[in-house]
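Each chain, written out:
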Amino acid sequence: MARRWLLLLLLLRCDAQESDLLAEVARLKAEVERLKAQPAPPLNFGYGQAAQPPYGQPSQAMGQAYVPPPAYGQQAFSQQAFGQQGYGQQQAFGQAYGQQAYGQQAYGQPAYGQQGHHQGYQAFGQPPFGQMPQAYQQPYGQAFPQSDVQQSATQQLEALRQSLGGMPGGLGGRAASPASPAPPADGCTSNPLFAKLHSTLQKLALLEQDPVEASFQIHEAWEENPAIFDECPAGVVTALVYLSIAQDRDWKYRLLHRATYMLYSTPGLQMRMASGRWPMSDRLIRTMYHNSEVMNKLPLKLAEVEVHGSTAASQQLGVINSDEAMELSMRHKDTVAVHFKTVLFYHFYHQERSPCACRTRSWCLPFWTRFLTNSSVDVWLAARDEQKTLFRMDRSGCLRNTGHSLSSNFFAEPIDLMFVFEINAFMHPIARVMPAKRVLLYPTYDLSDDQISNFEDLGVSVLPDDAILKPPNPAFRKILEEAVAMRQARLQRPKDRLLLLPADIRPIKGQLDFLAGLVFEGARRPSAVQRLRGLTLVVAGGCDGNQTYCAEVVAMTQKINAEKLLNVVVADQLKDDELAQLFTASLGVVLHPVIDCNPRVVYEGLLTDTPFFVTESARLPAAVQHLGHVTDGDPGMVAERLADFVDLSEAGGFTGRARDFAQKHLNEVDNYRKVLEWMDNKYISGKVSEPTIRGEEALDGLGGLGGNLASILSGAGGGLGGIGGLAGLGGLGGGVASPPPQRAAGGGNMGFNMREPVRR
């Protein structure tokens, strides 16, 4: 009878009214008193067993002192207080795969403190001689029957009081304790797609299941719902990599490309994968690339590549002599002591017709690496052409064409350092397989601090776009200074009512949005457009491939010119001396990009005492932001903010400040020295990149998943022949299945995508 009321009371829902609960508690107290008045049950005797004391009293061996039972409300030894876990109990839900929540038992296990107590059996944990413990004598999944006195009603009442303490107002005047929220479910274990893939990978060596099929199902689910990436990022990355095994080279690279973007763009993912349960790493991704990249290519050893300067060839190309390189090398030799001996600058600009002096409008870092060190540093450059032509610096400081390219050769021995220009170039398969001990990246993309930290965890050190100043190269600097001197000698007025937009015409540069904000008809603030009357805007840049966008820009300029308030000129590409004259005459350099990377044209304008009008997306260093206007890029406010800038510039608000800053801070020696010191610091302190997995090393590198995976990673076995000859996507049909559509890689929290970044 008491057992029935106790079970009814324990099954009461927590949302019952307090008055009803109090009534039940009063009835339970009466039942407790009745049970106490009954005589104790007889002692149980069995063959070879000692007499058992009443429940609640410990057995007493001969010669041992009597230990009294615990007082009311105290737990006996080996019993845990409510909310605490004892040794051997399972953790809270979500802490490990397959573990139960507190208070829940695994299938077939009785609740804590409710073990059986049959006639003739010892108490739980004390089996008689020759008999197994009770927990192993019942059929699997069945609990033992429970006597009315095994667990006292007093203890159940106390447990009930504590469980009801979290109700509003508590019970019996107790303060309510806030209920802790349930931990979020782990998508890697709760989602059957990921659970299936993980189980398949654990049995890969046995060839019992197909990992490509399970990976294909995850890929399809991700295509339908990208939010699945947030459930289990490591599982999606793993699926894409294993799915790539069954594809031809083109689609294999696309899948690996997506996996690489996910891995690098998701903050903290590398650390979670390194300490997690998925057999996946960036090293494995690079290995998958490597197996395809080295096919039909010739190995290249550094000692076998010789470069020599040819006077006849130099004269044929119209190349100046190497006097400039020799002079700079002698003047700045050993300014910076570095620890690396070999460095490859990947995807950097270089003009082959000028091998001994930097003449690009981009970085001159490869040359200054030699100027500031010495000839013991072996400098290589992989150009921006499709073949990735290789150049190597000779002892005189000139970058010579080696006659080799990364499209037909691969480095057969490691190099110390690789510096990559642009984040999308870093994703090139050729760059991914480069055997560099350390990798540096200038992203030309706005990476968050968390993403930069994730890159560092993966062995790639990032130099943020706004971390440095960008001085012009010596040749263009000379042209700019000559243009300034010429204007000062010829004209009295310092500037014309002119603005310069120096950028190629393409959507990422934002010319269309900027010009749309200057149309008088329908303007948010027409009076601001009136303030710009008589202003000339020169769009100095050619059409960069997107003919539709270029046509829209031209149509917008015609619309503005038809209103006869402003004059917009599309000047196409200009020569350096023509561009220098526009810099000198302009009231300001205007950039309105969707995204940019600390553009060098801003610094070229500072040399001519020309301030800037840019958006926050230009990502200029804080050190220069006081030399112009930085706006949020709102198209509806373009006219008003531009009018304020023009008024201040015409009033002399920036006169002299920009040029003084440029003369003091924009020198090549100091700025390239700082970059070189950063490179060396990252080389000696950063995480060393692990080489690609070769042969039987796959067994150790991936936790011993089996020799079949080792053959895949080492390139042996003919693709999927090593795992049963699967073909197509998941072996679902003959050949390669229809490829997935192109799209941005990653889930909802992706920080950068696959679009081409800004070119320098």
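Everything discussed here concerns the structure shown above.
Report on the accompanying structure. Computed from a predicted model, the values in this text were never measured in an experiment.

1. Details of the overall build of the chain
Then, number 1: Scanning the chain from terminus to terminus reveals 28 helices and 15 strands.
Then, number 2: Taking the intrachain contacts of the chain between residues at least 6 apart in sequence as the baseline, contacts between residues at least 24 apart amount to 70%.

2. A short note on the state of the cysteines
Then, number 1: Considering all chains together, one arrives at four disulfides under this definition.
Then, number 2: Here cysteine 188 pairs with cysteine 232 through a disulfide, and the sulfurs are 1.9 Å apart. Sign of the S-S torsion, about 100° for the bond between cysteine 188 and cysteine 232, identifies this disulfide as right-handed. Of the two residues, cysteine 188 is situated in helix α4 (residues 187–190) and cysteine 232 in the loop between α7 (228–231) and α8 (233–243); the sequence distance between them amounts to 44 residues.

3. Comments concerning the pairing of strand β11 (residues 536–540)
Then, number 1: Counting buried residues in β11 gives four out of five residues, a clear majority hidden from the surface.
Then, number 2: Chirality of the crossover, the property in question, places the unit of β11, helix α21 (residues 547–562) and strand β12 (residues 567–570) among those that are right-handed.

4. Remarks on the pattern of salt bridges
Then, number 1: Here the structure, examined in full by the defined rule, presents 30 salt bridges.
Then, number 2: Of the charged contacts, one joins glutamate 293 and lysine 297 as a salt bridge, the two residues approaching to 2.6 Å between their closest N and O atoms.
Then, number 3: On the basis of relative accessible area, lysine 297 is assigned to the buried category, the value being 12%.
Then, number 4: For arginine 531, the salt bridge is made with aspartate 644, and the minimal N-O distance between the two is 2.8 Å. Here arginine 531, found in helix α20 (residues 526–531), pairs with aspartate 644, found in helix α24 (residues 638–650); they are 113 residues apart in sequence, far enough to count as distant.
Then, number 5: Take arginine 531: its relative accessible area is 35%, and that puts it in the partly exposed class.

5. Comments concerning the sheet that holds strand β4 (residues 389–393)
Then, number 1: Overall, mixed pairing links the seven strands, which are arranged β5-β4-β3-β2-β7-β8-β9 in an open sheet. The open sheet has two free edges, formed respectively by β5 (399–405) and β9 (460–462), since each of these has just one partner strand. Neighbour-to-neighbour, the strand axes of the sheet open up by a mean angle of 25°, direction not taken into account.
Then, number 2: Bridge count for strand β8 (residues 436–442) against β9 is three bridges, and the pairing is parallel. Paired with leucine 440 across the strands is serine 461, a residue of β9.
Then, number 3: On top of the sheet, helix α17 (residues 449–457) reaches β8 and β9; it is set at about 150° to β9, its chief contact.

6. Considerations on the nonpolar core
Then, number 1: Core analysis: the largest hydrophobic core is formed by 73 residues, its most contacted members being Val237, Ile285, Tyr346, Met418, Phe426 and Phe455.
Then, number 2: Ignoring anything within four residues of it in the chain, the contact list for isoleucine 285 reads Val237, Val241, Leu256, Ala259, Thr260, Leu263, Met280 and Arg432.
Then, number 3: Counting residues in hydrophobic clusters, the runner-up holds 39 residues, among them Leu381, Cys398, Leu463 and Cys597.

7. Some thoughts on the sheet that holds strand β10 (residues 498–502)
Then, number 1: The parallel open sheet is built from six strands, whose spatial order is β12-β11-β10-β13-β14-β15. Strands with a single pairing partner mark the edges of an open sheet, and in this sheet they are β12 and β15 (628–631). Sheet twist, expressed as the average angle between the axes of neighbouring strands with direction ignored, equals 20°.
Then, number 2: Here β10 pairs with β11 via five bridges, running parallel. Opposite leucine 501, over in β11, you have valine 539 as the bridge partner.

Rules used in this analysis
- Residues numbered from 1 in each chain as written.
- Predicted model: local features only at pLDDT ≥ 70, side-chain atom pairs only at ≥ 80, totals over all residues.
- Heavy atoms only, no water.
- Helix = DSSP H or I, 4+ residues; strand = E, 2+ residues; numbered from the N terminus.
- Contact = heavy atoms within 4.5 Å.
- Disulfide = S-S within 2.5 Å.
- Buried < 20%, exposed > 50% of the residue type's maximum accessible area, 1.4 Å probe, protein only.
- Right-handed = clockwise from strand over helix to strand, strands pointing away.
- Salt bridge = Lys/Arg side-chain N within 4 Å of Asp/Glu carboxyl O.
- Pairing = 2+ DSSP bridges.
- Axes fitted to C-alpha atoms, helices over the stretch in contact; angles between N-to-C directions.
- Core = buried A, V, L, I, M, F, W, Y, C linked by side-chain atoms within 4.5 Å.

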